[in-house]
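# Descriptive analysis of the structure
Spelled out from the first residue to the last, the chains are:
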Amino acid sequence: MFKILQYSFYDLVRSRWSYVYFAFYLVLGFALLFLNSSVSKSVITLMNIIIVLTPMIGTIFGVMYFYSAREFTELLLAQPIKRSTIFLGQYLGVALSLTLSLVLGLGVPFMVYGVFQSSEIWNFGLLLISGSFLTFIFVAIASNIALKHENKIKGFGYAIFIWLFMAVIYDGLFLISLVVFNDYPLDKFSLIVTMLNPIDLSRILILLKLDISALLGYTGAVFQKFFGTNTGMFASIGVLLIWTGIPVYFINRISAKKDF
Amino acid sequence: MKQFFIVLVLTYGFLSEFSNAYANTIEVCETCKISTITEAIATANKGDTILINSGFYQEGEIIIDKPLVLLGINKPIIDGNSKAGILIASADSVVINGLIVQNIGVSYIQEYAAIHISNSKYFTIENNELREVFFGILVEKSHYGLINNNQVSSNAVNEVSSGNGIHMWHSSNIIITNNHLSQLRDGIYFEFVTDSHVANNISINNLRYGLHFMFSNNDSYYNNQFINNGAGVAVMFSKFIEMKRNRFYKNWGSASFGLLLKEINDAEIEDNIFEENTIGINIEGSTRINYKNNNFIRNGWAIKIRGGCYANIFDHNNFIDNSFDISYNSKMNDNSFDNNYWSDYTGYDLDKDGIGDVPYRPVKLFSYIVNQTPETIILLRSLFIDILNFSEKVSPVFTPDNLVDATPKMKKIQ
Amino acid sequence: MIEINNLRKRFGKVQVLEGVSLEISGGGIFAILGPNGSGKTTLIKSILGMVIPQSGSIKIDNNSIEGKWKYREEINYLPQIARFPENLTVHELIGMIKNLRSQPANDQDLIDLFGLAPFMDKKLGNLSGGTKQKVNLVLTFMFDSPLLILDEPTTGLDPVSLIHLKDLIRKEKEAGKTILITTHIMDFVETMADEIVFLLEGKIYFKGTVNELKKKSDQNDLEHAIATILTEENV
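The paragraphs below set out a description of the structure included in this document.

## A short note on the overall build of chain B
- Broken down by element type, chain B carries 4 helices and 38 strands.
- Principal-axis analysis of the C-alpha atoms places the extent of chain B at approximately 85 × 40 × 30 Å.
- For chain B, buried positions account for 57% of its 414 residues.
- Across chain B, every contact between residues at least 6 apart in sequence was considered, and the portion connecting residues at least 24 apart equals 48%.
- Looking at chain B as shown, the accessible area adds up to about 16,500 Å², and 51% of this sits on carbon and sulfur atoms.
- Here chain B contributes 31 positively and 44 negatively charged side chains, and the mean placements of these two sets differ by 2 Å.

Encoded structure:
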């Protein structure tokens, strides 16, 4: 698997898109720090961007890669290599190279602006962890879409829809249901619904750091326990791991049955 | 205020000179002829000084009924054995200095205190350490006092069975400075207290409020720190209070505020720092209050306005990285917000005059939604919410449409 | 060597293989013929494990290939269309396949044979179809495996390379290997193939030598023989 990962990774690292993505984050990082002049303000702005952007780039890039790597895949399938090895290797190659672009692209400007000397280092670190999780999760989801649908246009359509749904529509429905069922106790419900969407989950993970003062304003006991202790942090990371595991499992399953 | 200081200093100076010239000194120690404080007071004359040497004095209900100076040498310990109050003064010009007073009785009927001053003028309570108190320093119907550099602590767990650190009732012209108050019900409590000044105190980990004003007018508090209390400071039913250069920090919880204002008017709130509180300032029924040069940093809500607030002016404040800057529960607004710096402001300044060319709307639609359905807080910073906020910004429907800062600063106000 | 039993494969609504049974006993060149869409490539890909059949079994050397991958070490496959990752250079691609298979390879001889030396550092995306096909041939013939599967090997080749290819195939045959070829060029079949497997509508219509096929259809010429079969079927 490592060999496949290596080839996918190098293939991507040398592709134009990786550089574009890397450069985008680099520019974004410097621009934010330059315009905001405070690391903490930049971290907050960055959070809004990462939560939305990493899943989007992850899905689009993931779908694009799996379609364009079709030849590579077919070439490998005729070789004495296990199927799951091929697909997991490619998946990891894509996810890792995107994560690397993210971490380096943002890491460099923040390092230059002295994030290590700042108290923001934990928030920033958490931001990168969330971004990486989202990349891994959404590349995996995208891989599933690309494996399921031969038709590229369809695949892209589904990928964009899934991103849009998770990033925007889901929260809209969530908000509406909270407002409609206002009279019922909702704190357990809202925590569960949050867990069911990795974007919301990573958002919560970051909120725990940035907005704890506001979160503790809500009286519900379940909220208090979740946000007031380390439970929230561990639970969120745990569920994010599950969220990564499930689509990866499905990559394996779908690829085992697929014809090429 | 200044005049009051001069009067106090003069009085204190006069008194101490008087006692030096004409008074006697009585010494108390465990092996001395006089081994209890009660005994020493009984033998003392007006204006005498009682020197209490270091040691352990198990005494309670020590009545000080004449002007005396109680001076501890090397921190003697007076232990009340958790039975009742300990030092009870009802005379003028009492000085209590350098004592450790501990284990005060807890009562649901009596207000037992480590130091109880009543109907007294010109008292001084200084450099004492009051531990495991019910009430720490209780002052009633007294005037012209100084409470300086005391440490008051307890281990309060609920509001009913705990008392206040410095409790003032029907008093005036008191100066409270450099005290450290922790784990009490209220750090400092004022009821019907006028013309008094609270400065440089630290009030920390108290169950209810760090500092609490009820029906108290013309008071001021400067340079204090209020950390991790139920609420930093509560000012209720009071007028003409000056609040300056204080720090309100990490007052966290579902009913926690940096500063709670209720039915107050004509106050000045300047140069304070509100940092990481669930709610920076909670305002209810407050009129003609000037908020100037305050810093609101990383609070859940910087300012929550609950209604009945008129003619308040928010000018030259910094609002930095708060989850919500301003929250209103109605569409009405009679307060003005001008020349503030808002870290969430995204406008531009083409004429480079340091003032944004587009007005800023500090009330977000989402803060309105959270007021209605508190659980929605979990959607904070979601893209969907940003889109909602944006549409509300373009055409306000739920939030007061005249609530704008027309002259938002581009840079943080120093 | 290869034993296929009642193989069925459906893509959506299209039944491509309808119970194909075939035994190839090893050694020699086997041409798999049939009109477009008759299931030639599907059959080949099933053997390689790239297509997963609905039912039926494939055994190679008496071992079922289902869910296995190791057996592909014994197979060299030339895909129908030479499609490669476009970012890699020829050199890297060959290196990669060598690395992945970790078997001895005589790639250098083949590179010389097809005159690929000037293209070694070019990216695959920039190569012409014919050159890509040559790279494809190098990748296929550089390993020493007992089974070769060639899907349309002649596509896009110039006459000189075609001669080289024929030589290569003959050499492999002389070494006692089994070679499966699909092609539409009958001339190539007539000169090269020992046996013909004729697929029609997902079934094996005929299996035997070229001469047997000619006899069966009463034609002297292979092309006509096949045309006759096809028209008969249509009538």
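## Observations concerning the state of the cysteines
All names here are of chain B.
- Enumeration over the complete set of coordinates arrives at 1 disulfide over all chains.
- Through a disulfide, Cys29 is tied to Cys32; the S-S separation comes to 1.8 Å. Note on the Cys29 and Cys32 pair: the S-S dihedral is about 100 degrees, so by sign convention the disulfide is right-handed.
- Classification of Cys29 as buried rests on a relative accessible area of 13%.

## Overview of the environment of Leu98(A)
Residues and elements named next belong to chain A.
- Along the chain, the position of Leu98 falls in helix H5 (residues 83-112).
- Leu98 gets classed as buried once you look at its relative accessible area, which sits at 1%.
- Between the C-alpha atom of Leu98 and that of Thr135, which follows or precedes it by 37 residues, the distance is 7.1 Å.
- Excluding residues that lie within four positions of it along the chain, Leu98 makes contacts with Tyr21, Ile57, Gly58, Phe61, Thr135 and Val139.

## Observations regarding the arrangement of the chains
- Considering every one of the 2 pairs of chains in contact, the largest contact total is recorded for chains A and B.
- Structurally, chain B and chain C remain out of contact, their C-alpha atoms never closer than 36 Å.

## Some remarks on the sheet that holds strand E1 (residues 2-11) of chain C
All names here are of chain C.
- Reading across from one edge, E2-E1-E4-E5 is the order of the 4 strands in this open sheet, with antiparallel pairing throughout. Two strands lie at the open edges of the sheet, namely strand E2 (14-24) and strand E5 (63-64), each paired on one side alone.
- Bridge count for strand E4 (residues 55-60) against E5 is 2 bridges, and the pairing is antiparallel. Of the residues in E5, the one forming a bridge with Lys59 is Ser64.

## So, the sheet that holds strand E9 (residues 195-200) of chain C
All names here are of chain C.
- One open sheet accounts for 6 strands, arranged E6-E7-E8-E3-E9-E10; its pairing is mixed. In this open sheet, the two edge strands, each paired with only one partner strand, are strand E6 (75-78) and strand E10 (203-208). The average undirected angle you get between the axes of adjacent strands in this sheet is 15 degrees.
- Pairing analysis gives 4 bridges linking strand E3 (residues 28-33) to E9, with the strands arranged parallel. In the strand pairing of E9, Leu33 is matched with Phe198.
- Those strands touched by helix H5 (residues 159-174) are E3, strand E7 (147-151) and strand E8 (178-182), and its axis lies near 145 degrees from that of E8.

## A word on the layout of surface pockets
- As a volume, the second largest pocket reaches approximately 490 Å³.
- Ile52(C), Ile65(C), Glu66(C), Gly67(C) and Lys68(C) are, among the 25 residues lining the second largest pocket, the residues nearest its centre.
- Elements that contribute at least two residues to the lining of the second largest pocket include exactly H5 and helix H12 (231-257) of chain A together with E4 of chain C.
- The element that contributes the greatest number of residues to the lining of the second largest pocket is E4(C), accounting for 4 residues.
- Residue composition of the lining of the second largest pocket, by class: 9 nonpolar, 11 polar and 5 charged.

## Description of the interface of chain B and chain A
- Listed by partner, the interface residues are 31 residues for chain B and 38 residues for chain A.
- Carbon and sulfur atoms supply 66% of the area that chain B and chain A bury against each other, a total of about 2,900 Å² over both sides.
- Summed over the three residues of chain B that lose the most area to chain A, namely Glu375(B), Ile378(B) and Arg381(B), the buried surface amounts to 27% of that side.
- Here chain B and chain A share 0 salt bridges between them.
- Where chain B meets chain A, there are 6 residue pairs in polar contact (both at pLDDT 80 or more).
- For the side of chain B that touches chain A, the element with the most residues is helix H4 (residues 383-394) of chain B, which contributes 6 residues.

## Let's talk about the packing of helix H3 (residues 39-68) of chain A against helix H4 (residues 70-77) of chain A
All names here are of chain A.
- Between H3 and H4, whose axes approach to 4 Å, the crossing angle comes to 50 degrees. Overall, the two elements H3 and H4 adopt an arrangement that is oblique. In contact with Tyr65, Phe66, Tyr67 and Ser68 of H3, H4 contributes Arg70, Glu71 and Phe72.
- Of the residues assigned to the contact of H3 with H4, the class counts are 4 nonpolar, 1 polar and 2 charged.

## Observations regarding empty space enclosed by the protein
- Applying the stated rule across the entire model yields 2 cavities of 30 Å³ or more.
- Quantified by volume, the largest cavity comes out at close to 120 Å³.
- Lining the largest cavity are 14 residues, and of these Leu75(A), Gln79(A), Tyr77(C), Leu139(C) and Thr140(C) lie nearest its centre.
- Elements supplying a minimum of two residues to the lining of the largest cavity: H4 of chain A together with E6, helix H2 (90-101) and helix H4 (129-141) of chain C.
- When its residues are assigned to classes, the lining of the largest cavity shows 8 nonpolar, 4 polar and 2 charged.
- Quantified by volume, the second largest cavity comes out at close to 30 Å³.
- Taken together, the residues that form the lining of the second largest cavity break down as 5 nonpolar, no polar and 1 charged.

## Digging into the packing of aromatic side chains
- All told, the structure shown has 32 aromatic pairs over all chains when counted by the stated rule.
- When the centroid spacing of 5.4 Å and the interplanar angle of 75 degrees are considered together, the rings of Tyr249(A) and Phe250(A) count as edge-to-face.
- Given the relative accessible area of 47%, Tyr249(A) is considered partly exposed.
- Since its relative accessible area comes to 35%, Phe250(A) is described here as partly exposed.
- What links up through ring pairs into an aromatic cluster is the set Phe190(B), Phe213(B), Tyr221(B), Phe226(B), Phe248(B), Phe274(B), Phe296(B), Phe319(B), Trp342(B), Tyr345(B) and Tyr360(B).

## Describing the interface of chain C and chain A
- Taken together, the contact between chain C and chain A spans 28 residues of the former and 24 residues of the latter.
- Buried surface at the junction of chain C and chain A, summed over both partners, amounts to about 2,400 Å²; 57% is from carbon and sulfur atoms.
- Among the residues chain C hides against chain A, the three largest losses belong to Met50(C), Arg83(C) and Leu100(C). Together they make up 27% of the total.
- Taken together, the links from chain C to chain A amount to 1 salt bridge.

## Description of unusual backbone geometry
All names here are of chain B.
- Positive phi, normally seen in glycine, also occurs at Asn218, with a value near 55 degrees.
- Tracing the sequence through the fold places Asn218 in the loop between strand E21 (209-214) and strand E22 (220-222).
- Even without glycine at this site, Phe240 takes up a positive phi of about 50 degrees.
- Counting through the fold element by element, Phe240 comes out in the loop between strand E24 (231-236) and strand E25 (242-244).

## Some details on the nonpolar core
- Within the largest apolar cluster, 174 residues are counted, with the highest numbers of intra-cluster contacts made by Phe227(A) and Ile169(C).
- No other element matches helix H6 (residues 121-148) of chain A, which puts 16 residues into this core.
- The residues that make up this core include at least three from each of domain 1 (1-229) and domain 2 (259-414) of chain B.
- Ignoring any residue separated from it by four or fewer positions in sequence, one finds Ile169(C) in contact with Ile29(C), Phe141(C), Leu150(C), Ile179(C), Ile181(C), Phe188(C) and Met192(C).
- Residues Ile37(B), Leu99(B), Phe134(B) and Ile166(B) belong to the second largest nonpolar core, which totals 84 residues.

## Some points on the environment of Gly107(A)
All names here are of chain A.
- Secondary-structure assignment places Gly107 in helix H5.
- Gly107 gets classed as buried once you look at its relative accessible area, which sits at 11%.
- Counting along the chain gives 24 residues from Gly107 to Arg83, while the straight-line C-alpha distance between them is 35 Å.
- Residues within four places of Gly107 in sequence aside, it is in contact with Leu102 and Phe124.

The rules behind the values
- Residues numbered from 1 in each chain as written.
- Chains lettered and ligands numbered in written order.
- Predicted model: local features only at pLDDT ≥ 70, side-chain atom pairs only at ≥ 80, totals over all residues.
- Heavy atoms only, no water.
- Helix = DSSP H or I, 4+ residues; strand = E, 2+ residues; numbered from the N terminus.
- Buried < 20%, exposed > 50% of the residue type's maximum accessible area, 1.4 Å probe, protein only.
- Contact = heavy atoms within 4.5 Å.
- Areas by Shrake-Rupley, 256 points an atom, 1.4 Å probe, with all protein chains shown as cover.
- Lys, Arg positive; Asp, Glu negative; His and termini not counted.
- Charge placed at Lys NZ, Arg CZ, Asp CG, Glu CD.
- Disulfide = S-S within 2.5 Å.
- Pairing = 2+ DSSP bridges.
- Axes fitted to C-alpha atoms, helices over the stretch in contact; angles between N-to-C directions.
- 1 Å grid on protein atoms, 1.4 Å probe; cavity = no way out; pocket = protein on both sides within 12 Å on 5 of 7 lines; lining within 4 Å.
- Points joined across faces, edges and corners; volume = space filled by probe spheres on them.
- Nonpolar A, V, L, I, M, F, W, Y, C, P; charged D, E, K, R; others polar.
- Buried area = accessible area lost by both parts, 1.4 Å probe.
- Salt bridge = Lys/Arg side-chain N within 4 Å of Asp/Glu carboxyl O.
- Polar contact = N/O pair within 3.5 Å; in protein donor to acceptor, adjacent residues only side chain to side chain.
- Parallel < 35°, antiparallel > 145°, perpendicular 65-115°, else oblique.
- Phe/Tyr/Trp six-rings, centres within 6.5 Å; stacked < 30°, edge-to-face > 60°.
- Core = buried A, V, L, I, M, F, W, Y, C linked by side-chain atoms within 4.5 Å.
- Domains from an automatic or database assignment.

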